[in-house]
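# Residue-level structure breakdown
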There are 4 protein chains.
Amino acid sequence: MPDEQVRLTAPEITEFLNEVFPGAMDRFVIEDVRPMGARVRMKFNESQLRPGGTVSGPSLMTLADTGLWVALLAMIGREPLSVTSHLDIDFLRKPAPTDVVAETTLHKIGKRLAVGDVIMYSAGETVPCARASVTYAIPSNRMDPP
Amino acid sequence: MPDEQVRLTAPEITEFLNEVFPGAMDRFVIEDVRPMGARVRMKFNESQLRPGGTVSGPSLMTLADTGLWVALLAMIGREPLSVTSHLDIDFLRKPAPTDVVAETTLHKIGKRLAVGDVIMYSAGETVPCARASVTYAIPSNRMDPP
Amino acid sequence: MPDEQVRLTAPEITEFLNEVFPGAMDRFVIEDVRPMGARVRMKFNESQLRPGGTVSGPSLMTLADTGLWVALLAMIGREPLSVTSHLDIDFLRKPAPTDVVAETTLHKIGKRLAVGDVIMYSAGETVPCARASVTYAIPSNRMDPP
Amino acid sequence: MPDEQVRLTAPEITEFLNEVFPGAMDRFVIEDVRPMGARVRMKFNESQLRPGGTVSGPSLMTLADTGLWVALLAMIGREPLSVTSHLDIDFLRKPAPTDVVAETTLHKIGKRLAVGDVIMYSAGETVPCARASVTYAIPSNRMDPP
């Protein structure tokens, strides 16, 4: 699987996500897409702030979910039907009030499930503020399996 | 622990949460508080909708986190410093475009960690749309441990 | 789903598991089977002991997995092919050197996945020593879907 | 933290673990220890086999737990008191009947909790058979915090 090529470029994925979930990418920038992985940046926004000046937990969960979904779309192509079936997240350090960058790695794209890991960093930091893993259920009627 | 009494009533918890996180309870109604558990309703709001007419994943994660935090506050009292350290969630069924009710159960309030489970139902349903478990780190300088 | 009846009794499940996984039930006793749930006891055995006189973590994970699988088999019948795809466990309290009882609840048996929760108690205790959730991948070629 | 040096070498960790948990390392070989990470091999043993010729789930969970504990001990030194508080694992592919190698990465060693990720490969494979994350509770009376 890591030898496969990506089917969609970063701009193609952004365009597709904005088509199927209007507004979904307003806060996200796809910085890199590679076979079985992606780097996605969540732009800082005052509305995410929690008291104490930190990025909220739900924002980090959304970043994890979106970041790994980008990696999945890059591999399987224009396929809006995959749905998140499981997400777990560990909050490691209070994120600074700035952008957060998610490095995502897919470990498996199976017939029914895709599974991957996400490590999140406040922009410019080398130690992560959160880690997550996410599972997606892939629709069985997909036309063009990888 | 289940024999202990709650220290705060539902209105006291709502008031306290609105003090420390202004707006936090705008979407939530505490329906019941009991020793080591609570029932919390998330009011339906068009802004949570995902394409397809379902409540979004991040909304359900926020409900799980808030619902169990309510149960924790009821037991430990006015203590804003506990922070979520881990959350995992399984999305079981597509939630209907309506309120979602979380039944939360605390299994442990230790010196450092509190852990509990959450089962979520679309209003009026008997089968859950999601399950979650959440861990909170409890500050070590707490004055009045349970 | 909770209205459905179980397809297999406790003795039938024990017999079936011993057929497909010889020895699998040597340490386990099915105490109760009901629609979408089961209670399974893990018999204490010196070999599970960790230094300090506690039941080992891997033993509790095996109990969670087996206990929920019993509940699944009761619903779907003689079906050896379901495999565990995800397990998460929180260790809450040091278990005493005695039997451990798992109360298991299935939340969903879907076409592809089954998901449930497990609460584990040292025999005679009312506060749990561990909680777990488990997901099973159900083979798509199953003859007789529930 | 990644800049710190390890306090114990692989042979020192093996010796220490065999002291505090006699027999614990019979099945494990520490292949590499580095700041905030380790590679640990689980030797294949017929007794781990499941019907179908695969390494059992509980064996993989034990490998994840042991592998990350090795990385933690390398950083904090001879400290037997850390206990696993949470483990989650995704089973990705049926492992071959051979050794399994765990690549472990610590993301945080805090005052109370340490958290890390584990990717497991059947010996010689480039795609993982399982991923896990593990949290350890660190005793508060530790003499020499990192």
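Residues numbered from 1 in each chain as written. Chains lettered and ligands numbered in written order. Predicted model: local features only at pLDDT ≥ 70, side-chain atom pairs only at ≥ 80, totals over all residues. Heavy atoms only, no water.

### Structural notes on the relation of the copies chain B and chain D
Under the fitted operation, chain B is carried onto chain D by 0.0 Å of movement along the axis and a turn of 180°, and the coordinates agree to an RMSD of 0.0 Å. Taken together, the rotation angle and the small translation identify this as a two-fold axis. Judged by C-alpha distance, Arg112 of chain B is the residue of chain B that lies nearest the rotation axis, at 3.7 Å. Interface residue correspondence from chain B to chain D reaches 100%, placing this contact among same-surface, isologous pairings. (Least-squares fit on C-alpha atoms with pLDDT ≥ 70 in both. Contact = heavy atoms within 4.5 Å.)

### Focus on the confidence of the model for chain A
One rule of thumb: low pLDDT means the predicted coordinates there are not for detailed reading. Overall, the prediction assigns chain A a mean pLDDT of 89, with 88% of residues at 70 or greater. With a pTM of 0.92, the predicted complex shows an ipTM of 0.90. (pLDDT = per-residue confidence, 0-100.)

### Points about the side chain of Thr84 of chain A
Along the chain, the position of Thr84 of chain A falls in strand β5 (residues 83–91). On the accessibility criterion, Thr84 of chain A (17% relative accessible area) is buried. In terms of polar contacts, Thr84 of chain A uses its side chain to reach the side chain of Asp65 of chain A, at 2.8 Å. Contact partners of Thr84 of chain A, with chain neighbours within four places excluded, come to Asp65, Val134, Thr135 and Tyr136 of chain A together with Phe91 of chain B. (Helix = DSSP H or I, 4+ residues; strand = E, 2+ residues; numbered from the N terminus. Buried < 20%, exposed > 50% of the residue type's maximum accessible area, 1.4 Å probe, protein only. Polar contact = N/O pair within 3.5 Å; in protein donor to acceptor, adjacent residues only side chain to side chain.)

### Let's talk about the sheet that holds strand β7 (residues 113–122) of chain B
Pairing is antiparallel in the open sheet, where twelve strands are placed in the order β1(A)-β2(A)-β6(A)-β7(A)-β8(A)-β5(A)-β5(B)-β8(B)-β7(B)-β6(B)-β2(B)-β1(B). Unpaired on one side and paired on the other, β1 (28–34) of chain A together with β1 (28–34) of chain B mark the two borders of the sheet. Averaged over all pairs of adjacent strands, the angle between their axes in this sheet comes to 20°, without regard to strand direction. In this fold helix α2 (residues 57–76) of chain B packs onto β5 of chain A together with β1, β2 (37–42), β5 (83–91), β6 (100–109), β7 and β8 (130–137) of chain B, with an angle of close to 50° to the strand it touches most, β6 of chain B. (Pairing = 2+ DSSP bridges. Axes fitted to C-alpha atoms, helices over the stretch in contact; angles between N-to-C directions.)

### Concerning the nonpolar core
Most often, soluble globular proteins have nonpolar side chains that are buried together. Formed by 88 residues in total, the largest nonpolar core has its most connected members in Ile89 and Met120 of chain C together with Ile89 and Met120 of chain D. Excluding residues within four positions of it along the chain, Ile89 of chain C makes contact with Leu60, Met61, Met120, Ala130, Arg131 and Ala132 of chain C together with Ser85, His86 and Leu87 of chain D. With 87 residues, the next largest nonpolar core counts Phe16 of chain A together with Ile109, Ala132 and Val134 of chain B among its residues. (Core = buried A, V, L, I, M, F, W, Y, C linked by side-chain atoms within 4.5 Å.)

### Considerations on the side chain of His86 of chain A
If you trace the backbone, His86 of chain A turns up in strand β5. At a separation of 3.3 Å, a polar atom in the side chain of His86 of chain A contacts the main-chain carbonyl oxygen of Ile89 of chain B. Here His86 of chain C takes part through its side chain, which lies 3.3 Å from a polar atom of the side chain of His86 of chain A. Dropping the residues within four chain positions of it, His86 of chain A is found in contact with Ser133, Val134 and Thr135 of chain A, Asp88, Ile89, Asp90 and Phe91 of chain B together with His86 and Asp88 of chain C.

### With respect to the environment of Ile119 of chain A
Mapping Ile119 of chain A onto the fold places it in strand β7 (residues 113–122). Take Ile119 of chain A: its relative accessible area is 14%, and that puts it in the buried class. Residues contacting Ile119 of chain A, with those up to four places away along its chain left out, are Val101, Ala102, Glu103, Pro128, Ala130 and Arg131 of chain A together with His107 and Asp117 of chain D.

### Digging into the interface of chain B and chain D
Chain B puts nine residues into the contact, and the matching count from chain D is nine residues. Of the roughly 580 Å² buried between chain B and chain D on both sides combined, carbon and sulfur atoms contribute 61%. Of all residues in chain B, the largest losses of buried area upon contact with chain D belong to His86, Arg112 and Leu113 of chain B, amounting jointly to 72% of the total for that side. Our count for the contact surface shared by chain B and chain D stands at three residue pairs in polar contact (both at pLDDT 80 or more). Residues belonging to the side of chain B that touches chain D are distributed by class as follows: four nonpolar, three polar and two charged. (Buried area = accessible area lost by both parts, 1.4 Å probe. Nonpolar A, V, L, I, M, F, W, Y, C, P; charged D, E, K, R; others polar.)

### A look at the interface of chain A and chain D
Each side of the interface is counted separately: chain A has 15 residues, and chain D has 15 residues. Contact between chain A and chain D buries roughly 1400 Å² in total, counting both sides, with carbon and sulfur atoms accounting for 57%. Here chain A and chain D share two salt bridges between them. A salt bridge links Asp117 of chain A to Arg131 of chain D; its shortest N-O distance comes to 2.8 Å. The interface formed by chain A and chain D contains eight residue pairs in polar contact (both at pLDDT 80 or more). If you list the elements that add at least two residues to the side of chain A that touches chain D, you get β5, β6 (100–109), β7 and β8 (130–137) of chain A. (Salt bridge = Lys/Arg side-chain N within 4 Å of Asp/Glu carboxyl O.)

### Quick look at α2 of chain B
The terminal C-alpha atoms of α2 of chain B, which comprises 20 residues, lie 29 Å apart, in line with the 28 Å expected from a rise of 1.5 Å per residue. With 20 of 20 residues buried, α2 of chain B lies mostly within the body of the structure. (Expected span 1.5 Å × (residues − 1).)

### Topic: the pairing of β5 of chain B
Among the nine residues of β5 of chain B, eight are classified as buried, and the element is accordingly described as predominantly covered. Here β5 of chain A runs beside β5 of chain B; their pairing, made up of five bridges, is antiparallel. From the neighbouring strand, Asp90 of chain A faces β5 of chain B, where its bridge partner is His86 of chain B. Pairing analysis gives eight bridges linking β5 of chain B to β8 of chain B, with the strands arranged antiparallel. Note on β8 of chain B: the bridge partner recorded for Phe91 of chain B is Ala130 of chain B.

### Concerning unusual backbone geometry
Residues and elements named next belong to chain C. For Met36, which is not a glycine, the phi torsion comes out positive at approximately 65°. Inspection of the secondary structure assignment puts Met36 in the loop between β1 (28–34) and β2 (37–42). Looking at Met36, the relative accessible area reads 6%, which means it is buried.

### Remarks on the pairing of β6 of chain B
Residue and element names in this part refer to chain B. Counting buried positions along β6 yields seven of ten residues, so the element is predominantly enclosed. The pairing of β2 with β6 spans six bridges and is antiparallel. Across the sheet, Arg41 pairs through a bridge with Val101, a residue of β6.

### A word on the pattern of salt bridges
The full count for this structure, using the stated rule, is 40 salt bridges over all chains. For Asp88 of chain A, the salt bridge goes to Arg131 of chain A, with nearest N and O atoms at 3.2 Å. With Asp88 of chain A in strand β5 and Arg131 of chain A in strand β8, this residue pair connects regions lying 43 residues apart in the sequence. Residue Arg131 of chain A is classed as buried on the basis of its relative accessible area, which comes to 0%. Across the pair Glu31 of chain D and Arg39 of chain D runs a salt bridge, and its minimum N-O distance is 2.9 Å.

### What to know about the sheet that holds β2 of chain C
Reading across from one edge, β1(C)-β2(C)-β6(C)-β7(C)-β8(C)-β5(C)-β5(D)-β8(D)-β7(D)-β6(D)-β2(D)-β1(D) is the order of the twelve strands in this open sheet, with antiparallel pairing throughout. The sheet terminates laterally at β1 of chain C together with β1 (28–34) of chain D, the two strands that pair on one side only. Strand after strand, the sheet turns through a mean of 20° between neighbouring axes, direction not considered. Docked against the sheet, helix α2 (residues 57–76) of chain D engages β5 (83–91) of chain C together with β1, β2 (37–42), β5 (83–91), β6 (100–109), β7 (113–122) and β8 (130–137) of chain D, running at close to 50° with respect to β6 of chain D.

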